[in-house]
Amino acid sequence: MSTSDRPAARVVCLDGEGSVLLMHWRDHVSGLDLWEPPGGGLHPGDEPIDAARRELSEETGLPGDVVTDRYVDVARDFTWLGIRYVKTEPFFLARLRSVSPECTDQSLTLEERQTYLGYGWFAVDALPDSVEPPELAEVIRELM
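Residues numbered from 1 in each chain as written. Predicted model: local features only at pLDDT ≥ 70, side-chain atom pairs only at ≥ 80, totals over all residues. Heavy atoms only, no water.

*Asks:* Would you take a moment to explain the overall build of the chain for this structure?
*Replies:* The secondary structure content of the chain amounts to three helices and eight strands. The order of helices and strands in the chain, counted from the N terminus, is β-β-β-β-β-α-β-β-α-β-α. In terms of C-alpha radius of gyration, the chain reaches 14 Å, essentially the compact-globule figure of 15 Å for 144 residues. Along the longest, intermediate and shortest principal axes, the C-alpha atoms of the chain span 40 × 30 × 30 Å. Residues classed as buried in the chain amount to 51% of the 144 residues present. Pairs at least 24 residues apart make up 69% of the contacts formed inside the chain by residues separated by at least 6 positions. Just so you have it, the chain exposes about 7400 Å², and 47% of that area is on carbon and sulfur atoms. Averaging the positions of the 13 positive and the 27 negative side-chain charges in the chain gives two centres separated by 1 Å. (Helix = DSSP H or I, 4+ residues; strand = E, 2+ residues; numbered from the N terminus. Rg over C-alpha atoms; globule rule 2.2 N^0.38 Å. Buried < 20%, exposed > 50% of the residue type's maximum accessible area, 1.4 Å probe, protein only. Contact = heavy atoms within 4.5 Å. Areas by Shrake-Rupley, 256 points an atom, 1.4 Å probe, with all protein chains shown as cover. Lys, Arg positive; Asp, Glu negative; His and termini not counted. Charge placed at Lys NZ, Arg CZ, Asp CG, Glu CD.)

*Asks:* Honestly, the packing of aromatic side chains in this entry has me stumped. Any pointers?
*Replies:* The geometry of an aromatic ring pair is captured by the separation of the ring centres together with the interplanar angle, meaning the angle of the planes. Throughout the structure, instances matching the rule amount to four aromatic pairs. With 5.2 Å between their ring centres and 45° between their planes, Tyr 71 and Phe 92 make a pair best called tilted. In this pair, Tyr 71 is assigned in strand S6 (residues 67-80) and Phe 92 in strand S7 (residues 83-95), connecting sequence segments 21 residues apart. Taking the relative accessible area as the measure of exposure, Tyr 71 reaches 44% and is therefore partly exposed. You can call Phe 92 buried: its relative accessible area is 4%. (Phe/Tyr/Trp six-rings, centres within 6.5 Å; stacked < 30°, edge-to-face > 60°.)

*Asks:* Got a minute to help me understand helix H3 (residues 136-143) in this structure?
*Replies:* Because each turn of an α-helix spans 3.6 residues, side chains separated by three or four positions in sequence point in the same direction. Turning to H3, its buried residues number three or more, namely Leu 136, Ala 137, Val 139, Ile 140 and Leu 143. Seen along its axis, H3 keeps its buried residues to an arc of 160°; they face one direction. Structural note: H3 exposes Glu 138, Arg 141 and Glu 142 on the side pointing more than 90 degrees away from its buried face. On its buried face, H3 sits against strand S2 (8-14), strand S3 (20-26), S6 and S7. (Arc of directions from axis to C-beta.)

*Asks:* I'm lost on the pairing of S7 in this one. Help?
*Replies:* Residues in a regular strand point their side chains to alternate faces of the sheet. Direction of pairing for strand S1 (residues 2-4) relative to S7: parallel, over a ladder of three bridges. Bridge pairing in S7 places Ser 4 opposite Tyr 85. Pairing between S2 and S7: five bridges, direction parallel. Residue pairing across strands places Cys 13 opposite Ala 94, the latter belonging to S7. Note that S6 and S7 share 11 bridges and pair antiparallel. Across the sheet, Tyr 71 pairs through a bridge with Phe 92, a residue of S7. Connecting S6 to the antiparallel partner S7 that follows it, the hairpin turn spans two residues, and Leu 81 within it adopts a positive phi of roughly 55°. (Pairing = 2+ DSSP bridges.)

*Asks:* Where do I start with the nonpolar core in this structure?
*Replies:* Side chains of nonpolar character tend, in soluble globular proteins, to be buried together. Membership of the largest hydrophobic core comes to 18 residues, with the highest contact counts inside it found for Val 12, Val 20, Leu 22, Leu 127, Leu 136, Val 139 and Ile 140. Breaking this core down by element, the ones donating at least two residues are S2, S3, S6, S7 and H3. Sorting elements by how many residues they give to this core places H3 first, with five residues. In this structure Val 139 touches Val 72, Val 74 and Phe 91, once residues within four positions along its chain are discounted. Core analysis: the next-biggest nonpolar cluster, separate from the first, contains 16 residues, Leu 62, Val 66, Cys 103 and Trp 121 among them. (Core = buried A, V, L, I, M, F, W, Y, C linked by side-chain atoms within 4.5 Å.)

*Asks:* Is there a simple way to think about the layout of surface pockets in this case?
*Replies:* It is a probe the size of a water molecule, rolled over the atoms, that shows where empty space is left. For the largest pocket, the calculated volume is near 520 Å³. Along the wall of the largest pocket there are 26 residues; nearest its centre are Arg 6, Arg 10, Trp 80, Glu 111 and Glu 112. Elements supplying a minimum of two residues to the lining of the largest pocket: S2, strand S4 (33-36), strand S5 (39-41), helix H1 (48-60), S6, S7 and helix H2 (110-115). If one sorts the elements of the lining of the largest pocket by residue count, S7 sits on top with four residues. Partitioning the lining of the largest pocket into residue classes produces eight nonpolar, six polar and 12 charged. (1 Å grid on protein atoms, 1.4 Å probe; cavity = no way out; pocket = protein on both sides within 12 Å on 5 of 7 lines; lining within 4 Å. Points joined across faces, edges and corners; volume = space filled by probe spheres on them. Nonpolar A, V, L, I, M, F, W, Y, C, P; charged D, E, K, R; others polar.)

Written out as structure tokens, the structure reads:
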């Protein structure tokens, strides 16, 4: 199995009631089903916050400008589509006034469309069992 340290950024997006937005994915290589905050890889020349704003907009249709410059670095070690990722990613805070706004997936890449199962808004104390990273509730508390 190959390993990657590809730089990426994630967004902890909270709605008006404090629920967090999670994207639902299925790895068709391993069969793993997981929930994680929106985010993705940095393009050459990207600053992490720029990638976080772009990824939130592309993956959800929500405005990228709600992403603040507040972040927490999170150590990651996970496998996705047969590649092991070992790295540290900034998780940026975003806040919305609306409650559980609808998300659109119009700008997903082909790979993302093949693995995307939907999204959900979750109370911080009721995250899915298959959340990635497993310590997401602690990350959210630290950001707030």
